[in-house]
Amino acid sequence: MRVSFEWLNELIPIDIPITQLAERMTMSGIAVEEIEDQALKYRGIVTAKIVALEKHPAADNLWITKVNAGEYGEKTVITAAQNLKVADFVPLALSGTTLPNGKLIGEANFKGVLSQGMLCSGEELGLEKESTGIWVFDRIDLKPGTPVAEVLGETDHVLVLELTANRSDCLGMMGVAREVAAILGKQFNPPQIKLKEEGLPIAGQAKVEIIDADLCPRYSGRVITEVTIVPSPEWMQRRLRAAGVRPISNIVDITNYVMLEYNQPLHAFDLDRIAAHHIKVRRAAATERLVTLDETERSLTAEDLLIADPQSGLCVAGVMGGCTSEITDKTVNMFIESAYFNPSSIRRTSKQLGMKTEASMRFERSIDPSGVVIALNRAAQLVEELGAGKVAKGYLDQYPKPFAPVKIQTNAARINGLLGTGLAVDAIINYLKRVTFEVIAGDNGCLEVTVPTYRQDVLYTADLAEEVARLYGYNNIPATVPTGNQIGVLTAFQKFQHDCRRLLQGVGISEVMTYSLYAATTTGQLGITAADPLAKTVDLMIPLSEDQAVMRTHLVHHLLEVLAFNSKRRQPDLAIFEIARVYNPKTGSLLPDEPLHLGIGLMGRSSEIGWNQPRAEADFYDVKGLVELVFDKMQLPRFKLELSTKPFLHPGQAADILINGQVVGFCGQVHPRIQAQYELTKKAFMVELDLSFLDSLRKTTMIQFEPLPKFPAVQRDLALVASTKISAQSIIARIKEIAGELVERVDLFDVYQGEQVASGQRSLAFSITYRSKERTLNDNEVTGLQEKLLTELHKEYGASIRV
C-alpha cells in the first residue's frame with residue numbers, strides 16, 4: 001500500500017516529521033518499508049522558456065530551440081516535436097539527468113549542432129501513456145529554472161507500507177488515517193458526504209437481483225446520467241500517481257480514487273449496454289466465456305461469480321470488467337457498482353483465471369461490508385463535484401443477510417495476563433476506543449467490546465490484547481521469563497539415546513539419517529547367506545522402487561553408502577554414526593520387532609589434533625575404543641570380544657561383542673571385497689550395537705563416589721607365553737579373580753609373535769596395579785601374589801613366564 005503523506009495530512013493533521021511517523025507506525029505493527037520523495041524522479045528537470053525556434057539546416061524534421069533555463073543559463077536543444085512556439089514554457093532535462101523512465105540524458109551532436117539536454121514529453125515525465133509532442137505548461141507566469149516537480153505539484157512523500165494479510169483495512173486511506181489517529185491519539189476527519197441528486201429517481205432506471213447470495217452477500221449501485229468523459233483534475237491525478245495508479249479519465253479515476261480512499265473497489269458499467277437495465281449476480285455457467293477489459297477471452301467455471309444481464313455476462317465479479325459494458329467516450333448513462341463478495345470465491349476465481357488485480361487483492365482479503373454504500377455515495381459526490389454527470393435520486397442496495405459486528409466478552413485481568421502488564425481498566429478502555437471499538441464496562445473489570453466490521457481480524461480476547469499492546473507500546477512491556485510446568489519428560493530409554501548422541505558428537509562423530517529401506521539384493525551384496533538372521537527381511541507389498549523393497553535388518557549398508565557418497569566427492573576422511581531402528585520378522589505376528597541400533601562408521605584419517613600431531617589412519621583399535629567409551633559412559637556391563645565371522649567384515653580384524661554369552665553387536669574392518677564393491681578409497685570400519693537390548697542391562701544405581709586412595713599403589717609387569725587360542729581378555733579376568741580386591745587395574749601393553757616364541761604361541765605382557773584400601777602393601781605380599789598368579793594361570797591355561 002502506497003500512502004500519500006499530503007492526502008493523509010488532509011484526513012488527520014500530523015504535527016511530527018514523516019520519519020518519526022513512519023517509526024511509530026512500524027512499532028505499532030503497520031510496517032513502513034520506505035519513504036519515497038516524489039520530487040526525486042524529476043531531479044534535474046526544470047522549466048525553460050523558448051526564446052528562439054528555427055529549423056535545423058541539415059534536417060527538415062528537427063528544430064533548434066534556444067531556451068532560457070533561469071539560473072542554469074541559456075541552452076540549445078534539438079527536438080523533433082512540431083507543437084512548439086516561442087514563449088512556450090516546457091520541461092528541460094539538463095545534461096546528466098536520469099528521467100523517470102530510467103533514460104540518462106547527456107549532451108549530443110545532431111548533424112553538427114550540440115544539444116545541451118532534452119525537452120520532455122508527458123510520456124517521458126510519466127504524466128501520459130502516449131505523447132505526440134513536448135509537454136507545454138499552460139501557465140505563462142512561470143519562472144525559468146523552477147524545478148518541474150514544484151510546478152507539477154509533485155512535492156509529496158509516499159509511505160510504502162508492508163501490510164500483513166490480516167490488516168486489509170489499511171489498504172485504504174480511511175483505514176490508514178484511523179490507524180494514525182489511534183497512534184497519535186487524535187481524531188481523523190473523513191470526507192463529509194453530501195449529495196444533490198439532481199437526476200431522476202433511480203426506480204425504473206435500473207434493477208439488481210442477487211441469485212447466489214452465498215457468493216455476494218451485498219450488492220448496491222447508483223445511476224449517473226448525462227455523463228461527460230474528460231480528464232480528471234490534476235489534484236486527483238497526482239494522488240493516483242502517488243499511489244501507483246495511472247490516470248485514465250474522470251469516471252475511471254473516480255472509481256480508482258474511492259477504492260484507494262475507502263478500500264472499496266467500484267466498477268462502472270455503461271447502463272445503456274446492459275440488457276433491460278437489469279443486473280443479475282449469479283454463478284457462471286460451466287462453459288460460459290467472457291471477454292474482459294484486457295481483450296482476453298476467459299473460460300469460466302460454475303464456481304466463478306458473474307455480474308450479468310438477462311442475456312449474457314458483463315463482468316467477472318470482483319476481478320475485472322467485461323468489454324461489452326465498459327465505459328467509452330460515447331457513454332451517456334452509467335451504473336456504478338459497489339458490492340461485498342465472498343473472499344474465498346474471489347481468491348479461487350483470481351487464481352483460476354490467473355488474474356491479480358487491485359480489486360481482487362482487496363476482495364480476497366475481505367473488505368468492510370458496512371462500507372459498501374458509503375463508498376458508493378462518495379463516488380457519487382465526486383461525480384457531482386467534478387461535473388461528470390447527474391446522480392439519480394436514491395440507490396439500489398440488496399443486503400439479504402446483514403453482517404453483525406463481533407462482540408467479545410473479556411476482562412482487564414485477562415488482557416493484562418496475556419501481556420504481562422498491570423494496566424488499569426480505564427487505560428485499556430481508552431486504548432480500545434482509540435481504535436474505534438465500542439466498549440461497555442461492567443463490574444470487576446469486565447468488558448463487552450464491539451468490533452467494527454472493517455476490523456475482521458479481531459475475534460478473540462488475544463486480538464484485543466494485541467490492540468492494547470500496539471498502542472501502549474511493545475517497548476513498554478517489561479521483559480519476563482515464561483513460567484510453567486513441563487508436562488512431559490524423557491523416558492529412561494529416550495534419555496539413553498540422547499546421551500549416546502551427545503557422547504558420540506562430543507568426540508567428533510557426525511550423525512547421519514538414512515532410509516529404513518533397501519533393495520532385496522543388499523544382503524547378497526554383503527555376502528550374507530540365506531540362513532543368516534540378517535537375511536530374513538520384512539518385504540513391502542507395494543514398494544516404491546526396487547531400491548526400497550525391504551525393511552532393513554542392519555545399519556551397515558546405509559553407513560557404507562554414506563561413506564561411499566562422500567568418498568566420491570573427495571571427502572575420504574569420515575566419522576559418522578546413526579541411531580535408528582532395524583526390522584526383524586517375528587514368528588506368529590504381522591508386525592516385526594523394531595529394536596533400536598547404533599551404527600558407527602570410520603574411514604580414513606582421524607580429525608586433526610594439532611599442527612605438530614600426525615593424523616593416523618583409522619584402525620580396529622579406534623572402533624574398539626569407541627565401543628569401550630559407550631559401555632563405560634553409559635554404565636553398561638563388561639563385555640567380551642570374540643572373533644567374528646560376519647561375511648562383510650575382514651577375517652581376523654573383526655569381533656562380536658558379547659555380554660554373558662549374548663551377542664549384542666560387532667565391530668571391525670570392512671572386508672576388502674565389500675570395500676571394493678562400494679568403491680571406498682580407504683579402509684572402513686564398522687560398529688553396530690543393539691541399544692534396545694543394552695538398555696535393559698544398564699545399571700540403575702547411581703554412580704557412587706569413591707574417595708581418593710590413602711595408600712600407595714604397587715605396579716608389576718607380568719609377561720606370559722600362552723597359546724594363541726587363549727584371549728587376553730580371559731587372562732585379565734582370571735587375574736582379577738585370583739588376586740581379588742588387591743588388583744586395581746590390569747592393562748595389556750604388548751603382544752608379540754615371532755622367532756623367540758614357539759609356533760602357536762604368543763607373548764602377552766600385562767601391567768598389574770596392586771593397591772589395598774586399608775594398608776600399604778609390602779614387596780613380600782606383592783611377590784606372593786605374582787607367584788600365585790603364575791601357578792594358577794599355568795594350571796588353567798598352560799601359560800608360563802616369558803624368559
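Preceding this paragraph is the structure being described.
Every value quoted in this text rests on a predicted model; they were computed, and no experiment measured them. (Residues numbered from 1 in each chain as written. Predicted model: local features only at pLDDT ≥ 70, side-chain atom pairs only at ≥ 80, totals over all residues. Heavy atoms only, no water.)

A tally of regular secondary structure across the protein gives 20 helices and 38 strands. In terms of overall size, the protein is more extended than a compact globule, its C-alpha atoms giving a radius of gyration of 44 Å where 803 residues would be expected to give roughly 28 Å. Seen through its C-alpha atoms, the protein measures out along the principal axes to roughly 125 × 80 × 60 Å. If you take every contact in the protein between residues at least 6 apart in sequence, the share linking residues at least 24 apart comes to 68%. Across the protein, the 84 positively charged side chains and the 98 negatively charged ones have centroids separated by 3 Å. (Helix = DSSP H or I, 4+ residues; strand = E, 2+ residues; numbered from the N terminus. Rg over C-alpha atoms; globule rule 2.2 N^0.38 Å. Contact = heavy atoms within 4.5 Å. Lys, Arg positive; Asp, Glu negative; His and termini not counted. Charge placed at Lys NZ, Arg CZ, Asp CG, Glu CD.)

A few words now on the packing of helix H6 (residues 250-262) against helix H9 (residues 372-385). Contact geometry for H6 and H9: axes closest at 10 Å, N-to-C directions at 135°. When the axis of H6 is compared with that of H9, the two are oblique. H6 and H9 meet at a crossing whose hand is right-handed. Listed contacts from H9 to Ile254, Tyr257, Val258, Glu261 and Tyr262 of H6 are Ile374, Ala375, Arg378, Ala379, Leu382 and Val383. (Axes fitted to C-alpha atoms, helices over the stretch in contact; angles between N-to-C directions. Parallel < 35°, antiparallel > 145°, perpendicular 65-115°, else oblique. Left-handed = near helix turned anticlockwise from the far one by under 90°.)

Below, the discussion takes up the sheet that holds strand S36 (residues 743-752). What the 4 strands build is an open sheet, ordered S36-S37-S35-S38; its pairing is antiparallel. Of all strands in the sheet, those bounded by a partner on one side alone are S36 and strand S38 (800-801). Where strand S35 (residues 714-723) meets strand S37 (residues 761-770), 10 bridges bridge the pair, whose relative direction is antiparallel. Across the sheet, the residue bridging to Arg716 is Ile768, located in S37. (Pairing = 2+ DSSP bridges.)

Of the strand pairs in this sheet, strand S31 (residues 640-643) and strand S32 (residues 649-659) are connected by 4 bridges, and their pairing is antiparallel. Bridging across to S32, Lys640 finds its partner in Leu658. Linking S31 back to S32 in an antiparallel pair, the connection comprises 5 residues.

The biggest cluster of nonpolar side chains holds 79 residues, and the ones touching the most others in it are Leu8, Met25, Leu159 and Leu161. For this core, the element with the most residues is helix H4 (residues 173-184), which contributes 9 residues. Not counting residues up to four positions away in its chain, the partners in contact with Leu161 are Met1, Val3, Met25, Ile30, Ala31, Val32 and Val176. One finds Leu271, Ala284, Ala317 and Leu353 within the second-largest nonpolar core, a separate group that totals 39 residues. (Core = buried A, V, L, I, M, F, W, Y, C linked by side-chain atoms within 4.5 Å. Buried < 20%, exposed > 50% of the residue type's maximum accessible area, 1.4 Å probe, protein only.)

Attention shifts here to the pattern of salt bridges. Enumeration according to the criterion identifies 43 salt bridges in this entry. The closest approach of N and O atoms between Arg470 and Glu179, which form a salt bridge, is 2.3 Å. A residue pair is termed long-range when its members are at least 10 positions apart, and Arg470 in helix H12 (residues 461-472) and Glu179 in helix H4 qualify at 291 residues. Both residues of the pair, Arg470 and Glu179, belong to the buried class. Between Glu617 and Lys682 there is a salt bridge, with the nearest N and O atoms lying 3.6 Å from each other. Residue Glu617 is found in the loop between strand S30 (596-603) and helix H16 (620-633), and its partner Lys682 is found in the loop between helix H17 (672-677) and strand S34 (684-690); the two are separated by 65 residues along the sequence. What makes Glu617 partly exposed here is its relative accessible area of 41%. Owing to a relative accessible area of 22%, Lys682 belongs among the partly exposed residues under this scheme. (Salt bridge = Lys/Arg side-chain N within 4 Å of Asp/Glu carboxyl O.)

Spatial strand order, S1-S10-S2: 3 strands in an open sheet with antiparallel pairing. Each edge of the sheet is formed by a strand with only one pairing partner; in this case those strands are strand S1 (2-4) and strand S2 (31-37). Mean inter-strand twist for the sheet, computed between neighbouring axes without regard to direction, equals 30°. The sheet strands contacting helix H2 (residues 18-27) are S2 and strand S10 (157-162), and the helix crosses S2 at an angle near 160°.

You will see that Ala276, though not glycine, has its phi angle at about 60°, which is positive. On the basis of relative accessibility, which here comes to 67%, the residue Ala276 falls in the exposed class. Unusually for a residue other than glycine, Arg570 sits at a positive phi of about 60°.

Before going further, it helps to examine the packing of aromatic side chains. One pass over the full model with this rule turns up 10 aromatic pairs. A ring pair is formed by Trp7 and Tyr257, whose centres lie 4.5 Å apart and whose planes are at 15°; its orientation type is stacked. Note that Trp7 is positioned in helix H1 (residues 5-11) and Tyr257 in helix H6, a separation of 250 residues in sequence. Owing to a relative accessible area of 2%, Trp7 belongs among the buried residues under this scheme. One aromatic cluster is present, built from ring pairs that chain together Trp7, Trp235 and Tyr257. Here the guanidinium or amino end of Arg178 rests over the ring plane of Tyr454, the centre of that ring lying 3.7 Å away. The residue whose ring lies beneath Arg569 is Phe565, and the NZ or CZ to ring-centre distance is 3.7 Å. (Phe/Tyr/Trp six-rings, centres within 6.5 Å; stacked < 30°, edge-to-face > 60°. Lys NZ or Arg CZ within 6 Å of the ring centre and 35° of its normal.)

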